[in-house]
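# Observations on the model geometry
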There are 2 protein chains.
Amino acid sequence: MAGTDISKQAMMRMPYYLRYLRDAEASGASSVSSTAIGEALRLNSVQVRKDLAAVCSSKGKPGSGFNVRELISGIEELLGYNSRVDAVLVGAGSLGTALLSYKGFSEYGMNIVAAFDSSASVCGRVIGGREVLDASSLEDFCRNNSVHIGIITVPADVAQDVCSELIRGGVKAIWNFAPVKLKVPDGILIQNENLAASLAVLSRHLKNMSNAANG
Amino acid sequence: MAGTDISKQAMMRMPYYLRYLRDAEASGASSVSSTAIGEALRLNSVQVRKDLAAVCSSKGKPGSGFNVRELISGIEELLGYNSRVDAVLVGAGSLGTALLSYKGFSEYGMNIVAAFDSSASVCGRVIGGREVLDASSLEDFCRNNSVHIGIITVPADVAQDVCSELIRGGVKAIWNFAPVKLKVPDGILIQNENLAASLAVLSRHLKNMSNAANG
DNA sequence: ATAATATCGATATCCGCATATCGATAGATT
DNA sequence: AATCTATCGATATGCGGATATCGATATTAT
């Protein structure tokens, strides 16, 4: 079945393809070549073909390329943009508040149904249209509402506890913004979104540049 | 010189090491073994040694391990947590506002000195203690203030324009939150922080799980 | 109809990074 | 002091993903 055999890396390129294809369709294109996509996205055309081949049964035709509409449908289907997945967010600090206020997630098929925090001063407040609930009810909430995605935006030292609680509540995939490696049983996915790590890469680049400049 | 020969992947693991080491130091440990680190962080001990060897001149000693304090200093130095790097943020929408409000960056040595937006309704507003400036002054601001890091949180369709402008202003590294592949000349680093891509990975996992369950 | 061009899919190669192996050395134990 | 154990660094192996090559096929032009 589609999806299983797609590498994580390829999956992460899908949103880029999708955006390009939507633009192309808006420009009136009905078919597009892997060469053109590759050029626009700075990807090898072979890689583009390989990625797209895994998306949907729609084959590319020599001479013309791929059918834009079919690819768009295929990728949207693959990414789940047409369906809705519920998620909970834990940790209504500055980053958590940020994500709660962000309007873009619904476009990606994700719906944050509830937010949690352990601090009494935050509980009860409404952020991004959702009331912040007490963290003690987290596990039950997940179980009762069949929530399978958890977003962790708590401080590092409590991230593991929150993680374990989410899993006990039935969560299968966790988006972790805390700068710690979480320990989870097999079958649970952790997707780390480590801002510190990204900054490290930026920092390395600047350092290398100044080193190169100064000898 | 330290830093150049460290892979991007290794660099991204550094914040995890640092956190672990700080915890260890707080617990009174003066030395720590690669085995212990690897176990805590779910990393191969060989990889840990290789990463740490690249950090600082401090060698690990057989029998006891690495000196905690020296490692911490080395990593902090490597990551630039002791120095200050100025950055500008472009796009004060919901995500941009989120990042501006986030207090954690200073801890990582990054200082967002100014925010920009093209919308008249947003310019002049104060977010996270910084006034939002008009986007037309972006390039000059970067040049005049020697800003070398740009953060892009604008909609996808204008991200490339903003990117080019940042580069003309002298920016050397860009943290890109827009879901597009930016085209830049050699020597400019783009670090993509694609939330849609992360969600894609979560989505794939859930899909695979339900497929596995339903046959 | 025929030739030229664009594009595809499949196979093979290459590369970076993670992992495994192994001899050497510091510290602990008896 | 002799021996044992933990840990290190260096070298070799393995794997996943990106890239290159090549024959085949569709479209376009003459």
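Residues numbered from 1 in each chain as written. Chains lettered and ligands numbered in written order. Predicted model: local features only at pLDDT ≥ 70, side-chain atom pairs only at ≥ 80, totals over all residues. Heavy atoms only, no water.

## Let's talk about the protein's contact with DNA strand D
- The environment of DNA strand D is formed by 17 residues, the closest being A:Arg13, A:Gln47, A:Pro62, B:Ser34 and B:Phe66.
- In DNA strand D, atoms within 4 Å of the protein come 79% from sugar and phosphate.
- One nitrogen or oxygen atom from the side chain of A:Arg13 is found 2.8 Å from a phosphate oxygen belonging to DNA strand D.
- A:Asn44 places a side-chain nitrogen or oxygen 3.3 Å from a phosphate oxygen of DNA strand D.
- Contributing elements (two or more residues each) for the surface near DNA strand D: α1 (8-26) and α3 (45-55) of chain A.
- Per-class residue counts for the surface near DNA strand D are four nonpolar, nine polar and four charged. (Near = heavy atom within 4 Å. Polar contact = N/O pair within 3.5 Å; in protein donor to acceptor, adjacent residues only side chain to side chain. Helix = DSSP H or I, 4+ residues; strand = E, 2+ residues; numbered from the N terminus. Nonpolar A, V, L, I, M, F, W, Y, C, P; charged D, E, K, R; others polar.)

## Focus: the pattern of salt bridges
- Within this structure, the stated rule accounts for twelve salt bridges over all chains.
- A salt bridge links B:Arg143 to B:Glu139, with the shortest nitrogen-to-oxygen separation between them at 3.0 Å. Residue B:Arg143 and its partner B:Glu139 are located together in helix α6 (residues 138-144), separated by four residues, close to a single helical turn.
- Its relative accessible area of 18% is what places B:Glu139 among the buried residues.
- One salt bridge connects B:Arg168 with B:Glu139, and the closest N-O pair in it is separated by 3.2 Å. Of the two residues, B:Arg168 sits in helix α7 (residues 156-168) while B:Glu139 sits in helix α6, which places them 29 residues apart along the sequence.
- Taken together, the shared-partner salt bridges connect A:Glu139, A:Asp140, A:Arg143 and A:Arg168 into one network. (Salt bridge = Lys/Arg side-chain N within 4 Å of Asp/Glu carboxyl O. Buried < 20%, exposed > 50% of the residue type's maximum accessible area, 1.4 Å probe, protein only.)

## Things to note about the protein's contact with DNA strand C
- The immediate surroundings of DNA strand C are formed by 18 residues, with A:Ser34, A:Phe66, B:Arg13, B:Gln47 and B:Pro62 found nearest.
- A share of 80% of the atoms of DNA strand C within 4 Å of the protein falls on sugar and phosphate groups.
- A distance of 2.7 Å is found between a phosphate oxygen of DNA strand C and a side-chain nitrogen or oxygen belonging to B:Arg13.
- Here B:Asn44 contributes a side-chain N or O atom positioned 3.3 Å from a phosphate oxygen of DNA strand C.
- Those elements giving two or more residues to the surface near DNA strand C turn out to be α1 (8-26) and α3 (45-55) of chain B.
- When residues of the surface near DNA strand C are assigned to their parent elements, the largest contribution, three residues, is made by α3(B).
- In terms of residue class, the surface near DNA strand C is built from four nonpolar, nine polar and five charged.

## Thoughts on the packing of α1(B) against helix α2 (residues 34-41) of chain B
All names here are of chain B.
- Contact geometry for α1 and α2: axes closest at 11 Å, N-to-C directions at 110°. Considering their axes alone, α1 and α2 lie roughly perpendicular with respect to each other. For the pair α1 and α2, the crossing hand works out as right-handed. Here α1 contributes Tyr16, Tyr17, Tyr20 and Leu21 to the contact with α2, which in turn contributes Ala36, Ile37, Ala40 and Leu41.
- For the contact of α1 with α2, the residue count by class is eight nonpolar, no polar and no charged. (Axes fitted to C-alpha atoms, helices over the stretch in contact; angles between N-to-C directions. Parallel < 35°, antiparallel > 145°, perpendicular 65-115°, else oblique. Left-handed = near helix turned anticlockwise from the far one by under 90°. Contact = heavy atoms within 4.5 Å.)

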